[in-house]
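Listed here are the chains, written in short residue letters.
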Amino acid sequence: MKIVRDCDKLTVTDIEQLDSAHAAAFQTALREVLAANVRQIDLDLSQTVSLDCGGLGALLALRKGVGSAMLVVRLHNPPQPAQRLLRLTQTDQAFTVME
């Protein structure tokens with residue numbers, strides 16, 4: 001996973017697995033670079049081969065944990081199974097999904 005910070009924006013790429021086994025490491029890595037003035041987080045999921053409820057929980061915790069109503073979390077290029085999981089759990093509205 002690669003994280004780049006540019007002013008008030010974080011871009012996260014190379015996320016291969018976002019599942020129960022990797023969710024805690026994902027959260028820890030992002031917590032280390034998050035600051036109060038972050039307004040946007042872009043997560044490129046194009047390389048994600050595994051997203052399960054544990055990974056979805058990590059995404060929701062990220063969204064909730066920052067606690068800013070002005071924070072935008074955008075999911076870029078989620079694979080079809082990830083899109084389906086977001087729709088089925090009705091959590092797709094918590095994020096901006098960019099296909």
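Quick notes on the rules
Residues numbered from 1 in each chain as written. Predicted model: local features only at pLDDT ≥ 70, side-chain atom pairs only at ≥ 80, totals over all residues. Heavy atoms only, no water. Helix = DSSP H or I, 4+ residues; strand = E, 2+ residues; numbered from the N terminus. Rg over C-alpha atoms; globule rule 2.2 N^0.38 Å. Buried < 20%, exposed > 50% of the residue type's maximum accessible area, 1.4 Å probe, protein only. Contact = heavy atoms within 4.5 Å. Areas by Shrake-Rupley, 256 points an atom, 1.4 Å probe, with all protein chains shown as cover. Lys, Arg positive; Asp, Glu negative; His and termini not counted. Charge placed at Lys NZ, Arg CZ, Asp CG, Glu CD. Pairing = 2+ DSSP bridges. Axes fitted to C-alpha atoms, helices over the stretch in contact; angles between N-to-C directions.

Asks: Can you help me understand the overall build of the protein chain in this one?
Replies: The helix and strand inventory of the protein chain stands at three helices and seven strands. Written out in order from the N terminus, the α and β elements of the protein chain read β-β-β-α-β-β-α-β-α-β. For the protein chain, whose C-alpha radius of gyration is 12 Å, the value lies close to the compact-globule estimate of 13 Å for 99 residues. Taken over the C-alpha atoms alone, the protein chain extends approximately 30 × 25 × 20 Å along its principal axes. Looking at the 99 residues of the protein chain, the share that counts as buried comes to 33%. Sequence separation of at least 24 residues holds for 71% of the intrachain contacts in the protein chain that already meet a minimum separation of 6. Approximately 5,600 Å² of the protein chain is accessible, and the part contributed by carbon and sulfur atoms is 50%. A gap of 7 Å separates the mean positions of the 10 positive and 11 negative side-chain charges of the protein chain.

Asks: Whenever I open this one, the environment of His 76 confuses me. Can you help?
Replies: Within the secondary structure, His 76 is located in strand 6 (residues 72–76). Between the alpha carbons of His 76 and Asp 42 there is a distance of 7.0 Å; along the sequence they are 34 residues apart. In this structure His 76 touches Asp 42, Leu 43, Asp 44, Leu 45, Ser 46 and Met 98, once residues within four positions along its chain are discounted.

Asks: How do you make sense of the sheet that holds strand 4 (residues 40–44) when you look at a structure like this?
Replies: Paired through their backbone hydrogen bonds, the strands of a sheet run either parallel or antiparallel. Pairing is mixed across the open sheet formed by five strands, whose spatial order is 1-2-4-6-7. Sheet topology places strand 1 (2–6) and strand 7 (96–98) at the edges, where each strand pairs with a single neighbour. Between one strand and the next, the sheet's axes are offset by a mean angle of 20 degrees, whatever the strand orientation. In the sheet, strand 6 pairs with strand 7 via three bridges, with the strands oriented parallel.

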